[in-house]
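As a plain string of letters, each chain reads:
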Amino acid sequence: MKELFDATTEKMNKTIASLKYDYGAIRAGRASAAVLEPIKVDYWGVPTPINQMAAINITEARILTIQPWDKSSLKLIEKAILASDIGINPQNDGTVIRLSFPPLTEERRKQLVKDVKSLAENAKIAIRNIRRDSIEKLKAMKKANEITEDDQKNGETKIQKITDDFVKQVDGVAGEKEAEIMEI
């Protein structure tokens, strides 16, 4: 049963990590290199992440600079950013690309908060699905006479406690992201 609890906790930790990764990609008015992570540049026929082709720096709170190691890839990076849906127009000065993050409007803030809540709800659903699968495994163990009925009930209680703890973590992470969006 300890292995089951450990596996359940590990899967739920991965769900929290995935949620944090998704939140990192939400453009909240501050310059963040995370918005570039999903963008791939067609470099010599190979889809390549921008962070493997260039130095990415935050020069000011709202300005991100991209300085490619190979100057010939400057236009390719600019083209890939334009083709993406991050909503920021790159400014190319011949040596670096600058991305200026505009301040958020109230309407955009509300939309971002909705997105944050939606991602949090999806994470909670994933955690509940992990709980359901773990409880099913406990029931299978009971049916195979590997554990007693009391062990099954205690295991279900422990899995529910683990689930409750992770749901609180999701709420905490979501609350931090909402506060970040509203303060900018």
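Residues numbered from 1 in each chain as written. Predicted model: local features only at pLDDT ≥ 70, side-chain atom pairs only at ≥ 80, totals over all residues. Heavy atoms only, no water.

Colleague: Can you lay out the sheet that holds strand β5 (residues 90-92) for me, pointing to particular residues and giving the numbers?
Modeller: In spatial order, the strands read β3-β4-β6-β5; together these four strands make up an open sheet with antiparallel pairing. Unpaired on one side and paired on the other, β3 (54-60) and β5 mark the two borders of the sheet. Across this sheet, the average inter-strand angle for adjacent strands is 25°, counted without regard to direction. Across the sheet, helix α2 (residues 74-83) lies against β3, β4 (63-68), β5 and β6 (97-100), angled at about 160° from β5, the strand it touches most. (Pairing = 2+ DSSP bridges. Helix = DSSP H or I, 4+ residues; strand = E, 2+ residues; numbered from the N terminus. Axes fitted to C-alpha atoms, helices over the stretch in contact; angles between N-to-C directions. Contact = heavy atoms within 4.5 Å.)

Colleague: Which residues make up the pattern of salt bridges, and what values do they have?
Modeller: One pass over the structure, following the stated rule, counts eight salt bridges. The residue D171 makes a salt bridge to K124 at a minimum N-O spacing of 2.7 Å. Of the two residues, D171 sits in helix α4 (residues 149-183) while K124 sits in helix α3 (residues 106-143), which places them 47 residues apart along the sequence. Take K124: its relative accessible area is 15%, and that puts it in the buried class. Across the pair K161 and D165 runs a salt bridge, and its minimum N-O distance is 3.4 Å. (Salt bridge = Lys/Arg side-chain N within 4 Å of Asp/Glu carboxyl O. Buried < 20%, exposed > 50% of the residue type's maximum accessible area, 1.4 Å probe, protein only.)

Colleague: Go over α2, please, and point to the residues and values.
Modeller: Structural remark: α-helix, 3.6 residues per turn; residues separated by three or four positions point the same way. Buried within α2 are the following residues: L74, I77, E78, A80 and I81. Buried positions in α2, seen along its axis, are confined to an arc of 160° and lie on one side of it. For α2, exposure combined with an orientation more than 90 degrees from the buried face picks out K75, K79 and A83. (Arc of directions from axis to C-beta.)

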